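Residues per chain, in single letters:
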Amino acid sequence: MKNMTLKKIAEAVKGILNTEALSSHIDVNTVEAKGVFLDSRKVGAGDIFIATRGEHVDGHSFIDNVFDAGALGVICEQPPAHPKGPYIVVEDSFRALRELAEYYRGQIQAKVVGITGSVGKTSTKEFVASVLSQKFQVLKTEGNYNNEIGLPLTVLRICQDCEIAVLEMGISNFGEMHRLSQIAKPDVCLITNIGQCHLENLGTREGILRAKSEIFDFMQEGAGIFLNGDDDKLITVREVKGSIPIFFGSASNYGVYADAYENRGLNGSVAQIHIDKMAFPVEIPLPGEHMLYDALAAAAIGAYFGLTPTQIQCGIREVKAVDGRSHVMHTSRFTLIDDCYNANPVSTKAAIDLLSTTYFADKKRRKVAILGDMFELGIEEAALHREVGIYAVQKGLDVLICVGELCKNMYEGAQSVAPENTKCLYFVDKKALFSELDSIIQEGDFVLVKASHGMHFEEIITRLS
């Protein structure tokens, strides 16, 4: 890791370096760290371990272990009683992580694409990374490493061979994106949309726009800005620090737009993408009309970095689904849409759209949605759950199963408009659902499973699969 010596690290995190147990062959001014970890189990020879205090585990308990594994040094809030190697004492280990990542960002040459938005960050990240990988060495955010812990750890994984890092940036309150932007310092900023999520903290969609727009606070001079032009809030952004946004969407006056769209259900979709004076067809392998926006965003950024239409086509065609996000699973008894990683009203309606528009030659196959609570919706949470229930029934689902305390509102909304041939069921929790699930779901059913992450609906996916 370039310039990541013990001395430079101590300066970056404003810590006190203690070398009383330093091996004679290690020069604090020249020996560079190989990696940085919070998980002591991942630490190997030459790595830095940051000891943090969690709700159940205190990383300081594992300092001896990481030195036994060959760690170059440790960042900690409390000096070890019997140090086996050099350590840097700081006031706050989590703050030190952010400061170290910000320092390291300044040492690397890789371009950074920062992606945020209310819905679709992860799938958009996958599309963008797949496209850019056709020409460049790309690192992308893995799993849910998109917050004030995950993003700095991802930045610290950027190696010298990496040419572009595609970073997902997630927040739930004001100020968080400001701090993420300070670490990432993006060369390209992409916002997917402004939906109804984290309203508990952000209040309104206007508040969400303001919070997401903090991504611009530390962007590089002349950074590229890409926004969903079909979003009524994002279309109001006209200039940021001299950079004019490039809009993507359905209108032919946008810099990047699509037409000739054809939805092929579970097999994805096809469309023609226009960029400036270029037009070319694309095959989008992931199901759902909303994936078109992911493809448009990826095409726009691919063109920005000089990729050819052929490279963009290939990158979009090769994108893979991520577990928990519109991941279609074919089991011996059912077809499942595993979309249980997270949920808000916009993404849940999009998932219902996918379920409702799927064509079955066998008319006996039922369309079933198992939906759970959507968190952090603020004072409108009851009304928003009710709205989704009504929407699900109006889309013609055969069975709607609502699970969770908030979903009582979803069930009541669905019941208020449900025709006789639509079955609506309510369960207070997963345990109650599991007691009857086997008798509800029939062989051949097409089942959508979606809820906020805290509902842990992956347990339902495991049960059904």
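Below or above, wherever it landed, is the structure these notes cover. (Residues numbered from 1 in each chain as written. Predicted model: local features only at pLDDT ≥ 70, side-chain atom pairs only at ≥ 80, totals over all residues. Heavy atoms only, no water.)

Another point: the layout of surface pockets. What the second largest pocket holds in volume is close to 280 Å³. Among the elements of the structure, strand 2 (36-37) and helix 5 (150-155) are those that each provide at least two residues to the lining of the second largest pocket. Ranked by the residues each element gives to the lining of the second largest pocket, the list is headed by helix 5, at 3 residues. Partitioning the lining of the second largest pocket into residue classes produces 6 nonpolar, 4 polar and 4 charged. (1 Å grid on protein atoms, 1.4 Å probe; cavity = no way out; pocket = protein on both sides within 12 Å on 5 of 7 lines; lining within 4 Å. Points joined across faces, edges and corners; volume = space filled by probe spheres on them. Helix = DSSP H or I, 4+ residues; strand = E, 2+ residues; numbered from the N terminus. Nonpolar A, V, L, I, M, F, W, Y, C, P; charged D, E, K, R; others polar.)

This brings us to the sheet that holds strand 16 (residues 335-338). By definition, the strands of a sheet pair up through backbone hydrogen bonds, in either a parallel or an antiparallel sense. Spatial strand order, 15-16-20-17-18-19: 6 strands in an open sheet with mixed pairing. Where the open sheet ends on each side, the last strands, each with one partner, are strand 15 (327-330) and strand 19 (423-427). Recorded for the sheet is a direction-independent mean angle of 15° between the axes of neighbouring strands. Against the sheet, helix 13 (residues 407-417) contacts strand 17 (367-372), strand 18 (399-403) and strand 19, and its axis sits at roughly 160° relative to strand 19. (Pairing = 2+ DSSP bridges. Axes fitted to C-alpha atoms, helices over the stretch in contact; angles between N-to-C directions. Contact = heavy atoms within 4.5 Å.)

Let us look at the pattern of salt bridges. Taken as a whole, this structure holds 23 salt bridges when the rule is applied. Glu102 is paired through a salt bridge with Lys185; the nearest N and O atoms lie 3.2 Å apart. Here Glu102 is found in helix 3 (residues 93-105), whereas its partner Lys185 is found in the loop between helix 6 (176-184) and strand 9 (188-191), with 83 residues between them in sequence. The partner of Arg463 in a salt bridge is Asp438, and the shortest N-O contact between them spans 3.5 Å. On the criterion of sequence distance, the pair formed by Arg463 in helix 16 (residues 458-464) and Asp438 in helix 15 (residues 437-440) is long-range, its members being 25 residues apart. Given a relative accessible area of 36%, Arg463 falls into the partly exposed group. Asp438 sits in the exposed class, given a relative accessible area of 56%. (Salt bridge = Lys/Arg side-chain N within 4 Å of Asp/Glu carboxyl O. Buried < 20%, exposed > 50% of the residue type's maximum accessible area, 1.4 Å probe, protein only.)

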